[in-house]
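Residues per chain are reported as follows:
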Amino acid sequence: MKVSIITPCYNAATYIQATIQSIQQQTLTDWELLVVDDGSTDNSADIVRSMAKDDNRIKLIQKENGGTASARKLGLELAQGEYIQFLDADDRIENSKLERQIALMDCEQLDLSYTDWCYVSPSGKKDSIRGLNCNLFRLLAFWGTFGTLPIHCFVYRHSFLKKNNITIPTQVKEREDWDFHIEVYSAHPRAQRMAGYCGALYTLSPTGKTTGNSGEKIQIGSFKYLIYKISQVHGYKCLLLYMRFSIALCTWILRKCRYKYSPLLSRAEFKHNSQFKKALVVGILLLPISFVITIFKIITDHI
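In short, a report on the structure. (Residues numbered from 1 in each chain as written. Predicted model: local features only at pLDDT ≥ 70, side-chain atom pairs only at ≥ 80, totals over all residues. Heavy atoms only, no water.)

## A closer look at the overall build of the protein chain
Item 1. Of regular secondary structure, the protein chain possesses 12 helices and 8 strands.
Item 2. Taken over the C-alpha trace, the protein chain has a radius of gyration of 20 Å; the compact-globule value for 303 residues is 19 Å, and the two agree within 12%.
Item 3. Based on the C-alpha atoms only, the size of the protein chain along its principal axes is roughly 60 × 45 × 40 Å.
Item 4. Looking at the protein chain as a whole, 49% of its 303 residues qualify as buried.
Item 5. Across the protein chain, the fraction of contacts at a sequence separation of at least 24, relative to all contacts at a separation of at least 6, is 79%.
Item 6. For the protein chain, the accessible area works out to roughly 14400 Å², and carbon and sulfur atoms hold 54% of it.
Item 7. Measuring between centres, the 37 positive side-chain charges of the protein chain sit 8 Å from its 29 negative side-chain charges. (Helix = DSSP H or I, 4+ residues; strand = E, 2+ residues; numbered from the N terminus. Rg over C-alpha atoms; globule rule 2.2 N^0.38 Å. Buried < 20%, exposed > 50% of the residue type's maximum accessible area, 1.4 Å probe, protein only. Contact = heavy atoms within 4.5 Å. Areas by Shrake-Rupley, 256 points an atom, 1.4 Å probe, with all protein chains shown as cover. Lys, Arg positive; Asp, Glu negative; His and termini not counted. Charge placed at Lys NZ, Arg CZ, Asp CG, Glu CD.)

Here it is in structure tokens:
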């Protein structure tokens, strides 16, 4: 088996058929698709089951609801492929993505490769191509605020993940993709970007996630993850994560001016959290540097 595609699915009946079709249209045909239904209450499982009847490469795995991370982890445990591709149930990949990435990885003996990506509307209209060079420094200090890559940009060599005991972190309730990639890049993979090639299509939800109260939810999730991760690492990784916390704090302050976010310290998840208060102190001390970095990034992004 050349590649295992792992798709967590929860109440994705609107999108799951198009997602599976994007796999069936791949120019590389030696694949298995593991759709892990995470306790859906709609007819997602029925759609997958119906498509699997006509294509034995599609496998439906059903489990009780436990979240995206638990579904991905189960899929990874069951995967038989030489390579691993994660793909969320509402996203798609370009038709030649698997063939092109795996050919590159076979030729160069890479542990992972990744493509650029773009937003796509439910009607199929594509936005401009986005991409960046991924490395451990960026993951620790700037990920999320100054660029990110959806998980379906990547293809991983399965043996590399096994050799380094890298799996999907179910103990992390926020930003598990981010945590996964910190662990991947901490193992020093042979990696290469396919710059300029838009292999991953990220579906835009009808309800925005980057403005107003939903934007606050995203930022609070980042704070919660950073507090957790800072307590788990040491040395230069910890210092870089403190800088990332400070940048998140700076961004939160700027967005608060626009969207009137509630005060951080009044939130129940932070009010009595000593680790958060420690990170807040360090973050405030680093704010002058963070503001310079953030304003510079805002200016360069809009020139």
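Now, onward.
## With respect to unusual backbone geometry
Item 1. Of note, Asn 11 is a non-glycine position whose phi angle comes to about 50°, a positive value.
Item 2. For Asn 11, the position within the fold is in the loop between β1 (3-9) and α1 (16-24).
Item 3. At His 188, a position not held by glycine, the phi torsion is positive, near 55°.
Item 4. Looking at the element boundaries, His 188 is found in the loop between α7 (176-186) and β8 (191-203).
Item 5. The exposure class of His 188 is exposed, given its relative accessible area of 65%.

## Remarks on the packing of helix α9 (residues 236-259) against helix α11 (residues 274-285)
Axis angle and axis distance: for two packed helices, these are the angle between their axes and the distance between the axes, and together they describe the pair.
Item 1. It is the contact of α9 with α11, at a shortest axis distance of 8 Å, that shows an interaxial angle of 80°. Relative to α11, α9 is oriented roughly perpendicular. Between α9 and α11, the residues in contact are Tyr 242, Phe 245, Ser 246 and Leu 249 and Gln 275, Phe 276, Lys 278, Ala 279, Leu 280, Val 282, Gly 283 and Ile 284, respectively.
Item 2. Split by residue class, the contact of α9 with α11 holds 8 nonpolar, 3 polar and 1 charged. (Axes fitted to C-alpha atoms, helices over the stretch in contact; angles between N-to-C directions. Parallel < 35°, antiparallel > 145°, perpendicular 65-115°, else oblique. Nonpolar A, V, L, I, M, F, W, Y, C, P; charged D, E, K, R; others polar.)

## Comments concerning the sheet that holds strand β5 (residues 92-93)
Item 1. Across the sheet, which stays open at both edges, the 8 strands sit in the order β3-β2-β1-β4-β7-β6-β8-β5 with mixed pairing between neighbours. If you trace the sheet from one side to the other, it starts and ends with β3 (58-63) and β5, each paired once.
Item 2. One ladder, built from 6 bridges, connects strand β2 (residues 31-38) with β3; its direction is parallel. Note on β3: the bridge partner recorded for Asp 37 is Gln 62.
Item 3. Docked against the sheet, helix α3 (residues 68-78) engages β1, β2, β3 and β4 (83-86), running at close to 145° with respect to β2.
Item 4. Contacts between α7 and the sheet are confined to β4, β6 (112-120), β7 (154-157) and β8, with β7 contributing the most and set at about 45° to the helix. (Pairing = 2+ DSSP bridges.)

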